[in-house]
Amino acid sequence: MDNDVTNDQARESDRRPLGVAVVGFGWMGRVHTQAYARVLHHFPRLAVRPRLVTVAEEVPGRAEEAAGQYGFAGTARDWREVAADPRVEAVSITAPNFLHREIGVAMAEAGKHIWIEKPVGLTAADARAVADAAAAAGVQATVGFNYRNAPAVETARAMIAAGEIGTVTHVRIRLFSDYAAHPEGALTWRYERERGGSGVLGDLASHGVDLARFLLGDIASLTADTAVFVPERARPAGATAGHTRAAGGELAPVENEDYVSCLLRFASGARGVLEACRVSVGEQNNYGFEVHGTTGAVFWDFRRMGELGVSRGTAYQDQPVATVHVGPGHGEYAAFQPGAASSMGYDDLKVVEAYRFLRSVAERTPYGATLQDAVHSAVALDAMARSAESGGWVTLDGTTS
């Protein structure tokens, strides 16, 4: 025991402090901050120790509240103060989508490593601009595609790559939520084309595209259909966070899609269906996938995050499905639980993401989802939007078939 304490103290004394900042302190800003606070509890061999330098938020009082609750050394109303602060080496960008490109490029050019939430701007051009700036500056960057961090998802990917279900034939990916189902949901930036860009495409389908590529490889072409099911919402009277209601406010049109369905053709020859909706009554974050191969299949449901349905063997017809409970040998599970079948949660996936971001910074080597993954996702989202408008198939080099 004494040796363990000595070793822990030695690691702490060798650990380099890393000044971090959070830009935008809505719900996701809190999630990032809490991940920084927890990361060394789960990954004690990390070579850097995040130090909360400042939080930037334009809503009056919100940054001060965050500093008081989480211990940031300072606050700012303007994110440009963060870019100019020499104490800050790494920045979480959790501001609204329309600010991602400007903030991401500026932080990279200022030499800050960036942990940025998807979809990294409003278009593929925005994502490329941030990626190019980061590459030119030589900074590390991690993107918030958190569902790929689930140990069961990483296990599914390994099984698929090892041929345990044969050659993949088709996949279905679903992302159904009810966060926007209430007709009194406020008309925040999420529903405006200028500030939110696409609707459920950028919010949920971006995760679906990342999961599709993570599991099956590149998408070659696609065709999509979109719809708006709640056409008007009330403008909020003041600052909002999360999914605020605004009953009685001035009604204005919803400018981006509530729903998307998409057929996918992968470079491997596999086929896929991706469906996402933000107004699905009765669906509380029903996210998951089913991947079918020539000799088996794997199934995953986010709401049962530690379970993986697996069918494999030689029976083909009437082949049973077994439930595999992930454990310490899968992904980063051992950093959270000592034995199989104990639950992990959403915030744990962001702690994994924080660890991979900070490890990338410490080792100057990318770990986890990168800006190139964000570019690939954004290219597919742009293609979905074009396909929904044209009604045709779109290849991901930009041509329509």
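Residues numbered from 1 in each chain as written. Predicted model: local features only at pLDDT ≥ 70, side-chain atom pairs only at ≥ 80, totals over all residues. Heavy atoms only, no water.

## What about the environment of R386?
Then step 1. If you trace the backbone, R386 turns up in helix α11 (residues 371-390).
Then step 2. Accessibility expressed as a relative area gives 33% for R386, which makes it partly exposed.
Then step 3. Separated by 114 residues in sequence, R386 and G272 have C-alpha atoms that sit 18 Å apart. (Helix = DSSP H or I, 4+ residues; strand = E, 2+ residues; numbered from the N terminus. Buried < 20%, exposed > 50% of the residue type's maximum accessible area, 1.4 Å probe, protein only.)

## Section: the packing of helix α2 (residues 27-42) against helix α3 (residues 62-70)
Then step 1. With their axes 12 Å apart at the nearest point, α2 and α3 run at an angle of 25 degrees to one another. The orientation of α2 with respect to α3, classified from their angle, is roughly parallel. In the packing of α2 onto α3, the handedness of the crossing is right-handed. Where α2 abuts α3, its residues R30, T33 and Q34 lie against E65, Q69 and Y70.
Then step 2. Looking at the contact of α2 with α3 residue by residue, the class counts come to one nonpolar, three polar and two charged. (Axes fitted to C-alpha atoms, helices over the stretch in contact; angles between N-to-C directions. Parallel < 35°, antiparallel > 145°, perpendicular 65-115°, else oblique. Left-handed = near helix turned anticlockwise from the far one by under 90°. Contact = heavy atoms within 4.5 Å. Nonpolar A, V, L, I, M, F, W, Y, C, P; charged D, E, K, R; others polar.)

## Quick notes on empty space enclosed by the protein
Then step 1. Evaluated as defined, the whole model comprises one cavity of 30 Å³ or more.
Then step 2. The calculated volume of the largest cavity comes to roughly 30 Å³.
Then step 3. Together, T142, V143, F145, R148, N149, E353, R356, G368 and A369 line the largest cavity.
Then step 4. Breaking the lining of the largest cavity down by element, the ones donating at least two residues are β6 (141-143) and α10 (346-363). (1 Å grid on protein atoms, 1.4 Å probe; cavity = no way out; pocket = protein on both sides within 12 Å on 5 of 7 lines; lining within 4 Å. Points joined across faces, edges and corners; volume = space filled by probe spheres on them.)

It is worth stressing that arrangement in space is one thing and function is another; only the former is reported here.
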